[in-house]
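# Residue-level structure breakdown
Okay, here's what each chain looks like letter by letter:
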Amino acid sequence: MPIADPASGTDGEVTRLLSDLQRGEPVSDALFRRVYDELHQLARHHRRRWKGNETLNTTAIVHEAYLKLVGGSGDFASRRHFMAVASKAMRHLLITYAERQSAGKRGGGEAALPLDEALIIPEQQSDELLALEEALKRLEHFDPRAAEVVECRFFGGLDAEETAEALGVSRRTVTRDWAVARAWLFAELSEGPGARLLHDADG
Amino acid sequence: MAVPPDRWMRVKALFAEVVALPHAERAPWFDEHLDGDAELRVEIERLLAAEADANRYFDTLGNKIQGTDDFEAEPPETIGIWRIVQEAGHGGMGRVYEAVREDGLFDQRVAIKVVESHAPRLVRRFQQERRILAGLEHPNICRLLDGGTLDDGRPYLVMEYVDGEPITAYADRNQLSVDERLILFAQVCEAVAYAHRHLIIHRDLKPSNVLVTDDGTAKLLDFGIATLMDEDGAPNHGLTQTGRRLLTPHYAAPEQILNQPITTATDVYALGILLYVLLTGHRPFGATGGSQHEIEQEVLKKEPTAPSTAVSKSAGKATDSGGQVLDLTKRGRRLRGDLDRIVLKALRKEPERRYASVEAFARDLQRHQEGLPVEARPATMGYRLNSFVKRHRTGVLITITGLILTSTLVTFFAVQITAERDRAEAYADRADQVNAFLTDILDAADDPTVDRSVLLKILEPATERAETELADDPDARAAVFHALGNLYARFGRWDLADSLLHNALLIRRELHTPPHPDIAESLYDIGYMYTESTPDSALQYFRAAAEMHRELHRGDHPELANSLVQWSRMMPQDDPEKRQRFEQGIEMIKRMFGERSPELAEAIHEYYVLGFSGGTPEELAAAFEEALDIYRETVGEQHPYALHAMNNLGMVLHDALGRHKEGLAFLARSVELGREVLPPADPDYATMAVNYGATLHERGQLQDADEVLSDIAETTARLLPENTAGIGQSHYWYGRNLLSLGRAEEAEAALRTAWEILRYTAAIAKPRGKSQPRWTACTIIRMRTGRWNMPSASLWKLEKRRKRPSIESV
């Protein structure tokens, strides 16, 4: 079905906030919040629509959110900025849910999640995601760009080309960063913290 | 837990290099490259060990999160007057539905392609496909019936529905004979030749794009990545870039893999592969699988097995009935001779050695069927020699001499050639690795968040590596020298930049016959290096570059446009051509990139910077302001280029127009933003900060100036490579300001540092305007300390003319 319903339409606010980015201003809370909320709503909607389907389909959600919030009025620059912000927001969203699920499992103080929300992260993935997030934060310290590539490729579900556009780097850089970041993250996850050489060299 | 970034950069670069190697070559690679560094080796081995599992892990986890479903889950029920019957598949850029007329007026079945996302590049390609198809009417080309836009803005195409199967499957299912296959193939050639006459190259011919219907009609599909040619038959470069990554490597021609111009010869090649598969049942390259990289290497280097041999080989392996073996053996005999030669001629690596046109290819096949002599002759020694010379020029020159002297040693020569070729290929592989390493570094050089002085430290060993390891590979050596030269030029190490860039040019001149893109690149960058120091030389180099680019590219081309702008910038102000060339370049950029593109802003900014443009201060200010506006609209205010424009605008407003307050504000903002987004060791940032500090000094805001200048003097001394211009400039102004503050001792120390470096840099390249700070430094020190012997006449003159270079090239 056509996704951007002209009646609900885009209100232009997000387009406006995005154009602030083009003037070099940092990502505003308002923009992040707006994108985050939209992703959240779409994620819940998707869970309801595809009962029994394990997949959250972040790729579709991010693209749908773009059509809803920006629609046909977006140009190349606003699109690439949007994709970068949305990938960050999607990471935040998934990690928030993973944390709440994991807290719920341990019988922590968090209130039980409403059903449609509980399904946003398949339960067995929440611990994996939290471990990944921890390693990703370490990577961010010494290679922020590679971490952003992971954000776009993994959390945002963007392809290499879109990631290159979103981050304003070459496609080749994206491919390389993605390859080395994946290997590094996986090595971290399977060995626990301690990129031996790098830490030693530091000390 | 900060990891040293240079260490990590190295890990990254090396990992990218080794991960591209086949497994068997990794161990020797480790021994060769990491022998002396056990720690590095351990880390890279750790990553390598994780790699395969990492891919699986992320794919699995990713699938659970991202979804493998495409953009749209459910198909629309109707599109225009068409009712969707079912989804027929989806490809790289769209989903294809089978549909019928909703009103039932005619019993017509169509295929509707809908673009899958709003990504502008996909939409553009889609619209391009529509334009291309609209121009083609041929019984063997799938027809475009209609097109439009969905409610949400996604474009769609309505096409003739082709109920058929891939040509190879059709031929096999119907057990067509060799001659029947050739007749079928002739239809395909006709369609492609027709497209070529309409200046359209298909570029992606493969069995799945050539369907055959039940009645035996071949239909060509998917002009998705076709390139429109210019009227004169030259490929349209604007579109070539999108083509490559969409390619199926098995059917890609060498020029497509190398990203070289695509011509009708590319389709001749793809038709050659198609015919090869049709006749033998095998693909000539990558028949046994392999990674994309491995297949590409085969396409570039391996000579295809003759079709008859390929068939006979599979006859030897056939385990089926004896009948099949007999059949294959018979077919092998049928292919031997003419057909082998025809197919191999179509598959030659060099486009100019293939058939000149699809018609010529088809004609030769027809002559063969009619029993006439064919155009494709056995590959002569001349041809083989020639193709080899291209691959490895120096090695062959010596061997050729030997051949002329002793013609009896032909056998020996042939052996020699094989050995030489193996060596040449080994070099090419290594050059690829060096290039991969370099590309990564150069990507990093363009990335404003990567510290350039760190980069230089990593690159230093690369110079040595190039000298020794690439002694036999002049092409790669020149590339390394060139890249390093550019980097040193950015740091103001004119001595090293000069020798490296000229070295690269010399090598390239020996390797290539002009006009050649590599030579043009060298000419341009040497010109650029000279802009500040010796504008006259810069003019000569830019002109040579522009002329060569004009020979190389018919019509618009970014490099031609840039060299026109640079050339015009260096022309004397009374030259009537100056304005004309500039506008030529600017118009070209507008046509290629648009009226408000960063590329245009860059050209305008470049032209006016350094004051060679001859514009009035008002014109300069207007130009920088326009560039800044465009940057703000497109790449954002924090982009390094925007900061350069802002800084220069500040300088013009302040120095030349007397608009002090505004000027200072722009300077302050550019430095403030630069401090946030640029690495501290960025030479351009140093220039911007010095401009700002010096202006504060001139306004008499000595305390503010001291804050800015002491900071930048300290940073440059600590972070920039030794003897770079930025250290000298910052210390010069830092010292002068200290003098005004009455802190003579500190001033002397700073000015001494400045003098040492400025003397050094100026002695090499005599940068315009930069001799003034040098002499002024002497002067001031002499005046204050009496330690320097300077003739007072020149001293006075210099002091009177004392003025810092007003618009820095940043």
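Residues numbered from 1 in each chain as written. Chains lettered and ligands numbered in written order. Predicted model: local features only at pLDDT ≥ 70, side-chain atom pairs only at ≥ 80, totals over all residues. Heavy atoms only, no water.

### Some details on the overall build of chain A
Check the secondary structure of chain A and you find 10 helices and 0 strands. When the helices and strands of chain A are placed in sequence order, the string is α-α-α-α-α-α-α-α-α-α. Per-residue burial over chain A gives 54% buried out of 203 residues. For chain A, the share of sequence-separated contacts (at least 6 apart) that also reach a separation of at least 24 residues comes to 63%. Here chain A displays about 8400 Å² of accessible surface, and carbon together with sulfur accounts for 51% of that area. (Helix = DSSP H or I, 4+ residues; strand = E, 2+ residues; numbered from the N terminus. Buried < 20%, exposed > 50% of the residue type's maximum accessible area, 1.4 Å probe, protein only. Contact = heavy atoms within 4.5 Å. Areas by Shrake-Rupley, 256 points an atom, 1.4 Å probe, with all protein chains shown as cover.)

### Regarding helix 28 (residues 660-677) of chain B
Residue and element names in this part refer to chain B. Spanning 18 residues, helix 28 covers 26 Å between terminal C-alpha atoms, matching the ideal 26 Å at 1.5 Å per step. Among all positions of helix 28, only Gly-663, Leu-664, Phe-666, Leu-667, Ser-670, Val-671, Leu-673 and Gly-674 are buried. Each element contacted by the buried residues of helix 28 is listed here: helix 26 (617-634), helix 27 (640-656) and helix 29 (683-698). (Expected span 1.5 Å × (residues − 1).)

### Digging into the pattern of salt bridges
Enumeration according to the criterion identifies 40 salt bridges over all chains in this entry. Among the ionic pairs, B:Arg341 bridges to B:Asp338, the shortest N-O distance being 3.7 Å. Taken together, the residues span about one helical turn, with B:Arg341 and B:Asp338 both in helix 13 (residues 338-346) at a distance of 3 residues. Of the residues examined, B:Arg341 reaches a relative accessible area of 27% and is grouped as partly exposed. A salt bridge links B:Asp556 to B:Arg591, with the shortest nitrogen-to-oxygen separation between them at 2.7 Å. With B:Asp556 in the loop between helix 22 (535-552) and helix 23 (558-570) and B:Arg591 in helix 24 (residues 577-593), this residue pair connects regions lying 35 residues apart in the sequence. Residue classification places B:Asp556 among the partly exposed positions, given a relative accessible area of 33%. Look at the salt bridges and you will find they share partners, linking A:Lys88, A:Arg91, A:Glu133, A:Glu140 and A:Glu151 into a network. (Salt bridge = Lys/Arg side-chain N within 4 Å of Asp/Glu carboxyl O.)

### Concerning the pairing of strand 6 (residues 155-160) of chain B
All names here are of chain B. In terms of burial, strand 6 is a largely internal element, 5 of the 6 residues being buried. Across 5 bridges, the pairing between strand 4 (residues 109-115) and strand 6 is antiparallel. Its bridge partner being in strand 6, Ala-111 is matched across the sheet by Met-159. (Pairing = 2+ DSSP bridges.)

### Topic: the sheet that holds strand 7 (residues 164-166) of chain B
All names here are of chain B. With antiparallel pairing, 3 strands are arranged side by side in an open sheet as 7-9-10. If you trace the sheet from one side to the other, it starts and ends with strand 7 and strand 10 (218-220), each paired once. Within this sheet the neighbouring strands show an average axis-to-axis angle of 35°, counted without direction. Bridge count between strand 7 and strand 9 (residues 210-213): 3 bridges; the pairing is antiparallel. Bridge assignment links Gly-164 to a residue of strand 9, and that residue is Thr-213. Relative to the sheet, helix 6 (residues 178-197) contacts strand 9 and strand 10, its axis offset from that of strand 10 by approximately 30°. (Axes fitted to C-alpha atoms, helices over the stretch in contact; angles between N-to-C directions.)

### Considerations on the packing of aromatic side chains
This structure, assessed with the given rule, holds 20 aromatic pairs over all chains. Look at A:Phe142 and B:Trp8: their rings are 4.9 Å apart centre to centre, the planes differ by 75°, and that puts the pair in the edge-to-face class. A residue pair is termed interchain when its members come from two chains, as with A:Phe142 in helix 6 (residues 123-142) and B:Trp8 in helix 1 (residues 5-19). B:Trp8 shares its class with A:Phe142; the two are buried. Judged by centre distance (6.1 Å) and plane angle (50°), the rings of B:Tyr631 and B:Tyr641 are tilted. Note that B:Tyr631 is positioned in helix 26 and B:Tyr641 in helix 27, a separation of 10 residues in sequence. Given the relative accessible area of 1%, B:Tyr631 is considered buried. The rings of A:Phe154, A:Phe155, A:Trp178, A:Phe186, B:Tyr57 and B:Phe58 are connected pair by pair, giving a single aromatic cluster. Positioned over the ring face of B:Tyr355 is B:Lys345, at 5.2 Å from the centre of the ring. (Phe/Tyr/Trp six-rings, centres within 6.5 Å; stacked < 30°, edge-to-face > 60°. Lys NZ or Arg CZ within 6 Å of the ring centre and 35° of its normal.)

### Looking at the packing of helix 19 (residues 474-490) of chain B against helix 20 (residues 494-511) of chain B
Residue and element names in this part refer to chain B. For the pair helix 19 and helix 20, the least separation of the axes is 8 Å and the interaxial angle reads 155°. Accordingly, the angle class assigned to the pair helix 19 and helix 20 is roughly antiparallel. As for how helix 19 packs across helix 20, the hand of that crossing is left-handed. Contacts between helix 19 and helix 20 involve Pro-474, Asp-475, Arg-477, Ala-478, Ala-479, Phe-481, His-482, Leu-484, Gly-485, Asn-486, Tyr-488 and Ala-489 from the first element and Trp-494, Leu-496, Ala-497, Leu-500, Leu-501, Asn-503, Ala-504, Ile-507, Arg-508 and Leu-511 from the second. (Parallel < 35°, antiparallel > 145°, perpendicular 65-115°, else oblique. Left-handed = near helix turned anticlockwise from the far one by under 90°.)

### Brief notes about the environment of B:Pro249
Residues and elements named next belong to chain B. For Pro-249, the location among the structural elements is in the loop between helix 7 (237-243) and helix 8 (254-257). The buried category is assigned to Pro-249, whose relative accessible area is 12%. Along the primary structure Pro-249 and Gln-297 are separated by 48 residues, whereas in three dimensions their C-alpha atoms are 9.9 Å apart. Residues contacting Pro-249, with those up to four places away along its chain left out, are Gln-292, Ile-295, Glu-296 and Val-299.

### Here we look at the confidence of the model for chain A
Residue and element names in this part refer to chain A. Model confidence for chain A is summarised by a mean pLDDT of 73, while 71% of its residues fall at 70 or above. Within chain A, helix 7 (residues 144-155) carries the highest mean pLDDT (92), whereas helix 10 (residues 196-202) carries the lowest (34). Predicted confidence is poor over residues 108-113, with pLDDT under 50, and the contacts of this stretch with residues over four places away or in other chains come to 7 contacts. Segment residues 193-203 is flagged for pLDDT under 50; beyond a separation of four residues in sequence, or across chains, it makes 29 contacts in the model. (pLDDT = per-residue confidence, 0-100.)

### What about helix 26 of chain B?
Residues and elements named next belong to chain B. In a regular helix each residue adds 1.5 Å, so 18 residues correspond to 26 Å; helix 26 covers 26 Å between its end C-alpha atoms and thus fits that length. Along helix 26, the residues that are buried comprise Leu-620, Ala-621, Ala-623, Phe-624, Ala-627, Leu-628, Ile-630, Tyr-631 and Thr-634. Once helix 26 finishes, Gly-636 follows within two positions and takes phi at roughly 95°, a positive value.

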